[in-house]
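What the coordinates show
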Amino acid sequence: MTGLELIAVVLVAVLLMTWLARRLHLSEPLMLLGGGVLIGLTPHFDRVDLPPDVVLLVFLPALLYWEALTTSLREIKTNFRSIALQSTGLVLVTALAVAAVAHAFGYAWPIAFVLGAVLAPTDVAAVAAVAKAMPRRIVTLLRTESLLNDGTALVLLAVSLELLITGEPFSWAGTALRFVESYAGGALVGAAIAFALIPVRRHLKDRSLHSGLSVATPFIAFLPAEALHVSGVLAVVTCALVTSRIGPRLIRSDARLEATAFWEVTTFLLNGALFVLVGIQTPAAVRALTSLSLLQTTMIAAAVSATVIAARVAWFYTIPYLIRLVDRRPQQRQRRIGARQRLPLAWAGMRGAISLAAALTIPATTADGQPLAQRDAVIFITVVVITVTLAVLGPALPAVVRSARFAEDTDEAAEEQLAVRQLAETALAELPDLADRFPVSEATMAHIAKDLRKQAAPAGDETHDQTVRRERQISATYALEAELLGVKRAALNDLRNQARIDDIVLRRVQRHLDTEEQRLSMRMSLPPVSAHGVGERGDGVDQGGSPAP
């Protein structure tokens, strides 16, 4: 079996399993994992080894970068305390709980702590796959926690492995210093890379180079941090957050659209590939188990799985309430959520490929060349915990979210409406000065101004029936325009088939049609902010008229 064969099979499995999951309304991560297991059971793929460097150096930076780039920095600042506690304190508590359970089953403390560090972090891909239906604040908490807890867990794993391999005594002071160096160093490296790339982005004029730099950025941040022995995870996350802050003024619109399309497809494939690769490794982990019997290790894995889930639930139903006793500021009271709304946070503790990659980094021998006992069991237990959390927590999470009865999150839509109105008002104020600079007819300027006034108008008082009729009219208008685009595409293909235009001309005109379709799609996604709606056009403005902001 070659690497190209494996890549092709994994990509086909991602597409097929995702299609089946969406068709059958099943959990996508679980279907992908099951597809990987089936592949791993075939003789041709029964010896596939997942190099941990592939996950930690290829998959992880890319996934972290896009997740951080699309996360709300404002929400992170607002909920920083909760995020920091979950990404550090919860990781340590989970690692200690798992280590205690493993030690109770006969594992020595050093290897038990290694197992705890491996299973402590939630997986960014698994969380992103199931957290979409939650309110913005809850999604931000979960996504940011899964972004940052990898860094905590990897530092904890490095300390645990050092104790395991060298046999040196544990030092609280040394470990604490290691955490501070790793976190602070990673954040500094990430921020430095982001700011160093500002002049590069400012002087790049080519769209493809802009997009290429976007692809390279997470690796440019990750690798120097790892070389300096600080947290590459924090470097990538910090770099992405800084870039998301400064990017709107530096990155060209065409480059941003191209890079966004690339990242959406790439992260979809990378997320799916990770679950498939974990599934492929599952039969190999069972075959490699020799230090203990399959029954004994399965019992330990079941106990550890229960511990991982219970530790997270216990955290979310104890620590926040203890903090409430201390911090009783009014602004903190406003952000509190009830026990029912807290359950989705406690339930979203899926583990994934990051844990498996961490387990595979455990060396086979100690510093003196002795075989490292129970390494095979740690890998097997890790695979079982990943499978259990995906199978138990993932499919039930939608029901848990529904039972939480979250209040409708209207803030995001209100902010979007505010942005649309404010942009239109600003444009209207500048329109007279701009009219003197451009040779545009008075009729055209009147149409533009009319369209902007409709967008800037505050929401009018209208009945429910009037709102329904207006929305139906807008939908019908969009449907008509979409059909007209289809007619144009068919006519364009006919011209090419009749040899009246060249394929190069077809592609050039087709790009204009694609752009118009994307603009139409964006207008459909904007909320109506007035009785006229931002999606409605001013009289006389055709498809080439002024788009909504």
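Structure first, text after, so check above.
The shown structure was predicted, so the numbers you read here are calculated from the model rather than taken from an experiment. (Residues numbered from 1 in each chain as written. Predicted model: local features only at pLDDT ≥ 70, side-chain atom pairs only at ≥ 80, totals over all residues. Heavy atoms only, no water.)

A few points about the overall build of the chain
Check the secondary structure of the chain and you find 22 helices and 0 strands. Against the compact-globule benchmark of 24 Å for 549 residues, the chain has a radius of gyration of 27 Å, which places it among compact chains. With respect to the principal axes defined by its C-alpha atoms, the chain has extents near 85 × 65 × 50 Å. A buried classification covers 45% of the 549 residues belonging to the chain. Within the chain, counting contacts between residues at least 6 apart in sequence, those at least 24 apart form 80% of the total. Summed over its atoms, the accessible surface of the chain is roughly 27300 Å², and 63% of this surface lies on carbon and sulfur atoms. (Helix = DSSP H or I, 4+ residues; strand = E, 2+ residues; numbered from the N terminus. Rg over C-alpha atoms; globule rule 2.2 N^0.38 Å. Buried < 20%, exposed > 50% of the residue type's maximum accessible area, 1.4 Å probe, protein only. Contact = heavy atoms within 4.5 Å. Areas by Shrake-Rupley, 256 points an atom, 1.4 Å probe, with all protein chains shown as cover.)

Section: helix α3 (residues 52–69)
The end-to-end C-alpha separation of α3 is 25 Å, in line with the 26 Å expected for 18 residues at 1.5 Å each. Of all the bends in α3, the largest measures some 40 degrees and sits at Leu-60, one to four residues before the proline Pro-61. Burial runs high along α3: 13 of the 18 residues are buried. (Expected span 1.5 Å × (residues − 1). Bend = angle between axes of the 7 residues up to and from the residue.)

Observations regarding unusual backbone geometry
Generally, phi is negative for residues other than glycine and the peptide bonds are trans, each holding for most cases. The residue His-229 is not glycine, and still its phi comes out positive at about 60 degrees. Mapping His-229 onto the fold places it in the loop between α10 (207–227) and α11 (232–250). Phi at Ala-499 is positive, roughly 65 degrees, even though this residue is not glycine. One can find Ala-499 in the loop between α21 (464–497) and α22 (503–525).

Description of a nonpolar patch on the surface
On the surface, a nonpolar cluster with roughly 300 Å² of combined accessible area is contributed by Leu-4, Ile-7 and Leu-11. Inspection of the secondary structure puts Leu-11 in helix α1 (residues 3–24). (Patch = residues over 30% accessible without salt bridge, like charges linked within 9 Å, V, L, I, M, F, W, Y side chains within 5 Å. Salt bridge = Lys/Arg side-chain N within 4 Å of Asp/Glu carboxyl O.)

A few points about the packing of helix α5 (residues 80–104) against helix α6 (residues 109–119)
The interhelical angle for the contact between α5 and α6, taken along N-to-C directions, is 140 degrees, at an axis separation of 7 Å. Of the possible angle classes, the one that applies to α5 and α6 is oblique. Crossing geometry of α5 relative to α6 is assigned as right-handed. Contacts between α5 and α6 pair Thr-94, Ala-95, Leu-96, Val-98, Ala-99, Ala-100, Ala-102 and His-103 from the former with Trp-109, Ala-112, Phe-113, Leu-115, Gly-116, Ala-117 and Leu-119 from the latter. For the contact of α5 with α6, a count of residues per class yields 12 nonpolar, 3 polar and no charged. (Axes fitted to C-alpha atoms, helices over the stretch in contact; angles between N-to-C directions. Parallel < 35°, antiparallel > 145°, perpendicular 65-115°, else oblique. Left-handed = near helix turned anticlockwise from the far one by under 90°. Nonpolar A, V, L, I, M, F, W, Y, C, P; charged D, E, K, R; others polar.)

Notes on the pattern of salt bridges
Tallied over the full model, the rule gives 8 salt bridges. In this structure, Asp-514 engages Arg-489 in a salt bridge whose closest nitrogen and oxygen atoms are separated by 2.9 Å. Of the two residues, Asp-514 is situated in helix α22 and Arg-489 in helix α21; the sequence distance between them amounts to 25 residues. A salt bridge links Asp-503 to Arg-496; the shortest N-O distance between them is 2.8 Å. Taking the relative accessible area as the measure of exposure, Arg-496 reaches 28% and is therefore partly exposed. Beyond isolated ion pairs, a larger network of salt bridges with shared partners links Arg-489, Asp-514 and Glu-517.

Brief notes about the environment of Pro-458
Here Pro-458 shows up in the loop between α20 (442–456) and α21. For Pro-458, a relative accessible area of 59% translates into the label exposed. Spatially, the C-alpha atom of Pro-458 lies 9.2 Å from that of Gln-417, the residues being 41 residues apart in sequence.

Quick notes on the packing of helix α13 (residues 294–316) against helix α18 (residues 375–404)
Remark: α13 packs on α18, axes separated minimally by 9 Å, with the N-to-C direction vectors making an angle of 50 degrees. As summarised for this structure, α13 and α18 are arranged oblique, according to the angle between their axes. Once α13 is placed against α18, the crossing between them reads as right-handed. Side by side, α13 and α18 meet where Leu-294, Thr-297, Thr-298, Ile-300, Ala-301, Val-304, Ser-305, Val-308 and Ile-309 of the first sit next to Ala-377, Phe-380, Ile-381, Val-384, Val-385, Val-388 and Leu-393 of the second. Split into classes, the residues belonging to the contact of α13 with α18 amount to 13 nonpolar, 3 polar and no charged.

A word on the environment of Val-237
With respect to the helices and strands, the residue Val-237 is situated in helix α11. As a C-alpha pair, Val-237 and Leu-64 span 173 residues in sequence and 6.4 Å in three-dimensional space. Residues in contact with Val-237, not counting those within four places in the same chain, are Ala-68, Leu-147 and Leu-148.

Things to note about the side chain of Arg-201
Counting through the fold element by element, Arg-201 comes out in helix α9 (residues 172–203). As a buried residue without a salt bridge, Arg-201 has its nearest oppositely charged side chain in Glu-258, at a separation of 12 Å. Excluding its chain neighbours within four sequence positions, the residues that come into contact with Arg-201 are Tyr-65, His-210, Leu-213, Thr-217, Thr-243, Leu-250 and Ile-251. (Lys, Arg positive; Asp, Glu negative; His and termini not counted.)

Some details on the packing of aromatic side chains
The final tally for this structure, using the stated rule, is 4 aromatic pairs. Plain terms: the ring middles of Trp-66 and Trp-263 are 6.4 Å apart, the flat faces sit at 10 degrees to each other, and that makes the pair stacked. Taken as a pair, Trp-66 in helix α3 and Trp-263 in helix α12 (residues 253–287) lie far apart in primary sequence, 197 residues in all. Pair check on accessibility: Trp-66 and Trp-263 agree, each one buried. Seen in terms of ring centroids, Phe-262 and Trp-263 are 5.4 Å apart; in terms of plane orientation they differ by 75 degrees. Their pairing is edge-to-face. Classification of Phe-262 as partly exposed rests on a relative accessible area of 35%. One aromatic cluster in this structure is built from Tyr-65, Trp-66, Phe-262 and Trp-263. A cation over a ring is seen here: Arg-342 above Tyr-321, with NZ or CZ 5.3 Å from the ring centre. (Phe/Tyr/Trp six-rings, centres within 6.5 Å; stacked < 30°, edge-to-face > 60°. Lys NZ or Arg CZ within 6 Å of the ring centre and 35° of its normal.)

As for the side chain of Thr-282
Looking at where Thr-282 falls in the secondary structure, it is placed in helix α12. If we ignore the near neighbours within four places in the chain, the residues touching Thr-282 are Val-37 and Val-383.

Quick word on the nonpolar core
Residues Leu-119, Val-304 and Ile-381 are the most contacted members of the largest nonpolar core, which totals 127 residues. At 14 residues, the largest contribution of residues to this core is made by α18. The contacts of Leu-119, once residues within four sequence positions are left out, are Thr-94, Val-98, Val-304, Val-308, Arg-351, Ser-355, Ile-381, Thr-382 and Val-385. The next biggest cluster of nonpolar side chains, apart from the first, holds 7 residues, and it includes Leu-485, Leu-506, Leu-513 and Leu-520. (Core = buried A, V, L, I, M, F, W, Y, C linked by side-chain atoms within 4.5 Å.)

Some points on the environment of Val-236
By the element assignment, Val-236 lies in helix α11. As for Val-236 and Leu-147, which are separated by 89 residues in sequence, their C-alpha atoms are 9.5 Å apart. Once residues within four sequence positions are removed from consideration, Val-236 is found in contact with Pro-61, Leu-64, Tyr-65, Pro-218, Ala-221 and Phe-222.

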